[in-house]
Amino acid sequence: MLDQGAPPHGSSQTTPPAPGVGARLMRRKPVEGLVAEGGQGEGGSLRRSLGLWQLTMISIGATLGTGIFVVLGEAVPKAGPAVTLSFVIAGLTALFSALSYAELAGTIPVAGSSYSYAYATMGELIAWICGWCLVLEYGVSVAAVAVGWGEYLNELLDGTIGVTIPAAVSAPPGDGGVFNLPALIVVLLAMAFLLGGAKESARANTVMVIVKIAALVMFCAIGVQGFRSGNYENFMPLGMAGVSAAGATLFFSYIGFDAASTAGEEAKNAQRDLPRAIMLSLVIVTALYVLVAAVAVGAKPWKNFTDSEAALAQIMREVTGQTFWGTLLAFCAVIAIASVVLTVLYGQTRILFAMSRDGLVPKVFSRVHPKTKTPRANTLIVSLFCGVLAAAIPLGQLADATSIGTLFAFALVNVAVVVLRRTRPDMPRTFRVPLSPVMPALGFGFCLWMMGSLSAVTWVVFGVWMAAGLVFYFGYGYRRSRLAPSEK
């Protein structure tokens, strides 16, 4: 007689084998699951309060100002007068990627941006790599912009009360200082706004964006009076290699539309408004970048831009022969650059919020404060980290590190949009990339090309960063992922 508890002879009933390492690394999060849990965090949920206007202002706020007010002085010596072409190339690269972002933001409107898009299409390991790049992109970008803020603050103080902050406490080690106190201060100010809530931060950002657009229009109106065609005679003195190198450095100025996509869980109608905000902001920003760069180079010989991180204010003084206009521009730049710090810091906290909710980073990053409906602990930790980074590392190194992280993440987004078209062709999409897969392929190719233009030191830093990220993932996230328990 057979034992009733044993399987019959010849039965194929066996315990299914546990998924292998490869399968676990490729585990994907369903799109429906990503969308359904939108806004949910530890102990509460985010508040949906942002419309198209606020989303567009967040995108412009995170983008407009960084490349023009801060990094122009770093890029011109690499490309010469052809820096205007560098802006066009960087903008074109951003456009291809922005199209992919717009489609995915309308399809998967969540806080994780390209990290979440990769999780839904290419699996957990690729998503982690993308998220880790975004941490580099956002965190270092905040620090880079904060460094430039300190330069304009000194210009403002010099033009108003005739004093400047001593180099020892206004420049990082390696740039003649010990500790960059102004950079730390602006990050802490942005942190204070973010702790008040997303809607309140968006209002403050909108005011600052209007000020910065007015400042750039004023610069063009005055700077064009000092325009000298001779400054463009040797248009490309360092060749196409210089143009692409400058474009790669400037590319980190275009991460604004990525910041808008991180607001997907706090938008009132994310599927409709996110694609519109992304495309509208990119067009406005690129036009202003190219126009201001063209006027700046026409008014100041390109060789005189070396070590000039407050270049626009200096040009205003040189053209007018007065300190007033340069001081006024420095005042506007102080406000304008602060809005970049605010919105990019916002994006960083929301990326970590999404990664924490998935179990890949500690839960403290997805804890929502019951009163403000914001990830307060997350904001405090990220702000302090970025503030210390800004106070200790020179601008040029920060800008290039941001660019490589941005380009890598954008390359993955271009792949993700093609994969999702193949795997989920019937999903409703409020925006579709035209000529897919050609346009995403061009975006992917441009990103790789510009990454190749960055220095060997930047690649070494990127390699070390990615190695550290993989160690963290396999030591923490691999086992704590929310998708892991179902496989045990």
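Higher on the page you've got the structure.
Sequence order sets the numbering: in each chain, residues are counted from 1 along the sequence as written. Thresholds applied to this predicted model are a pLDDT of at least 70 for local features of residues and 80 or more for the giving and counting of side-chain atom pairs; totals over whole chains, interfaces and linings are not thresholded and use all residues. Computation of side-chain values: all heavy atoms of the structure, hydrogens and water removed.

Some words on the overall build of the chain
Going along the chain from the N terminus, every DSSP run of H or I of four or more residues is numbered as a helix, and every run of E of two or more is numbered as a strand. Per the secondary structure count, the chain includes 18 helices and two strands. What the globule rule says is 2.2 Å times the number of residues to the power 0.38, and the radius of gyration is computed from C-alpha atoms. Over its C-alpha trace the chain gives a radius of gyration of 24 Å, about what one expects of a compact globule, namely 23 Å for 488 residues. Projected onto its principal axes, the C-alpha coordinates of the chain cover approximately 105 × 45 × 40 Å. Each residue is assigned to one of three classes by its accessible area relative to the maximum for its type, calculated with a 1.4 Å probe on protein chains only: buried under 20%, partly exposed between the two thresholds, exposed over 50%. Taking all 488 residues of the chain together, 59% fall into the buried category. By definition in these notes, contact holds between two residues if any of their heavy atoms fall within 4.5 Å. The contacts of the chain with a sequence gap of at least 6 include a subset with a gap of at least 24, amounting to 84%.

Regarding the layout of surface pockets
Using a 1 Å grid laid over the protein atoms alone, points where a 1.4 Å probe fits but cannot get out form a cavity; open sets with protein on both sides within 12 Å along at least 5 of 7 lines form a pocket; any residue with an atom within 4 Å of a point counts as lining. Grid points are joined across faces, edges and corners, and a volume is the space filled by probe spheres set on the points. Taken as a whole, the second largest pocket holds about 270 Å³ of empty space. If you go around the second largest pocket, you meet 14 residues; those closest to its centre are Trp-132, Val-135, Leu-352, Phe-365 and Phe-385. Where the lining of the second largest pocket is concerned, the elements lending two or more residues are helix 7 (124-160), helix 14 (323-357), helix 15 (376-392) and helix 18 (456-480). Take the lining of the second largest pocket: its biggest share by element is four residues, from helix 15. Amino acids are sorted into nonpolar (Ala, Val, Leu, Ile, Met, Phe, Trp, Tyr, Cys and Pro), charged (Asp, Glu, Lys and Arg) and polar (every other residue, Gly among them). Looking at the lining of the second largest pocket, its residues break down into 13 nonpolar, one polar and no charged.

Considering empty space enclosed by the protein
The tally for this structure, following the rule as stated, stands at two cavities of 30 Å³ or more. In this model, the largest cavity occupies a volume close to 70 Å³. In this structure, the largest cavity is lined by Leu-50, Ile-58, Leu-194, Ala-198, Ser-201, Ala-202, Asn-205, Leu-342, Thr-343 and Tyr-346. For the lining of the largest cavity, the elements supplying multiple residues, two or more each, are helix 9 (198-223) and helix 14. Here the lining of the largest cavity takes four residues from helix 9, the largest share from any one element. Of the residues in the lining of the largest cavity, the class split is seven nonpolar, three polar and no charged. Here the second largest cavity is characterised by a volume of approximately 40 Å³.

Points about the packing of aromatic side chains
To pair, rings of Phe, Tyr and Trp, with the six-membered ring standing in for Trp, must have centres within 6.5 Å; the planes then decide the type, stacked if under 30 degrees apart, edge-to-face if over 60, and tilted in the middle. Under the definition given, this model contains 20 aromatic pairs. Relative to Phe-472, the ring of Trp-132 lies with its centre 6.3 Å away and its plane at 15°, an arrangement referred to as stacked. In this pair, Trp-132 is assigned in helix 7 and Phe-472 in helix 18, connecting sequence segments 340 residues apart. Each ring, one from Phe-227 and one from Tyr-232, has its centre 5.8 Å from the other, and the planes form 25°; the classification is stacked. Aromatic ring contacts, followed pair by pair, group Trp-128, Trp-132, Trp-465, Phe-472, Tyr-473, Phe-474, Tyr-476 and Tyr-478 into a single cluster. Here the guanidinium or amino end of Arg-27 rests over the ring plane of Tyr-478, the centre of that ring lying 5.4 Å away. Note on criteria: charge over ring means Lys NZ or Arg CZ within 6 Å of the ring centre, with the direction from the centre no more than 35 degrees off the ring normal.

As for the pattern of salt bridges
Each salt bridge in this description consists of a side-chain nitrogen of Lys or Arg and a carboxyl oxygen of Asp or Glu lying within 4 Å of one another. Under the criterion given, the structure shown has eight salt bridges. The shortest N-O distance in the salt bridge between Asp-358 and Lys-29 comes to 2.1 Å. In this pair, Asp-358 is assigned in the loop between helix 14 and helix 15 and Lys-29 in the loop between helix 1 (21-25) and helix 2 (31-36), connecting sequence segments 329 residues apart. Under the relative-accessibility criterion, Asp-358 is labelled buried at 3%. In this structure, the salt-bridge partner of Glu-266 is Arg-350, at a minimum N-O distance of 3.1 Å. In this pair, Glu-266 is assigned in the loop between helix 11 (256-261) and helix 12 (270-299) and Arg-350 in helix 14, connecting sequence segments 84 residues apart. Side by side, Glu-266 and Arg-350 carry an identical accessibility label, which is buried. Overlapping salt bridges, with partners in common, bring together Glu-103, Arg-421 and Arg-429 in one network.

Here we look at the packing of helix 7 against helix 18
To describe two helices that pack against each other, one gives the angle between their axes and the distance between the axes. At their nearest, the axes of helix 7 and helix 18 sit 10 Å apart, and the two run at 130° to each other. On the basis of their axis angle, the class for helix 7 and helix 18 is oblique. As helix 7 packs across helix 18, the resulting crossing turns out to be right-handed. Counting all contacts with helix 7, which are made through Glu-124, Leu-125, Trp-128, Ile-129, Trp-132, Cys-133, Val-135 and Leu-136, the residues of helix 18 involved are Phe-462, Trp-465, Met-466, Ala-468, Gly-469, Leu-470, Phe-472, Tyr-473, Gly-477 and Tyr-478. To obtain an axis, a line is fitted to C-alpha atoms, over the contacting stretch when the element is a helix, and the angle between two such axes runs from 0 to 180 degrees between their N-to-C directions. Any angle from 65 to 115 degrees is called roughly perpendicular, while one under 35 is roughly parallel, one over 145 is roughly antiparallel, and all others are oblique. Rotating anticlockwise by less than a right angle from the far helix to the near helix defines a left-handed crossing, while the corresponding clockwise rotation defines a right-handed one.

Re a nonpolar patch on the surface
Where nonpolar side chains cluster on the molecular surface, the patch consists of Val-169, Val-178, Phe-179, Leu-181, Ile-185 and Leu-189 and spans about 490 Å² of accessible area. Of note, Val-178 is situated in the loop between helix 7 and helix 8 (181-195). Since its relative accessible area comes to 60%, Val-178 is described here as exposed. Note on patches: the residues involved have over 30% relative accessible area and no salt bridge, like charges join within 9 Å, and the nonpolar side chains Val, Leu, Ile, Met, Phe, Trp and Tyr join within 5 Å. Shrake-Rupley sampling with a 1.4 Å probe provides the accessible areas, and residues are treated as covered by the protein chains on show and by no other component.

A few points about the nonpolar core
Judged by nonpolar contacts, the single largest core of 156 residues is most densely connected at Phe-69, Phe-219 and Leu-312. Ranked by the residues each element gives to this core, the list is headed by helix 7, at 20 residues. With residues up to four places along the chain from it excluded, the contact list for Leu-312 reads Ile-68, Phe-69, Leu-72, Tyr-152, Leu-216, Phe-219, Val-292, Ala-296 and Leu-329. Grouping buried Ala, Val, Leu, Ile, Met, Phe, Trp, Tyr and Cys residues that are joined through side-chain atoms within 4.5 Å yields what is termed a nonpolar core.

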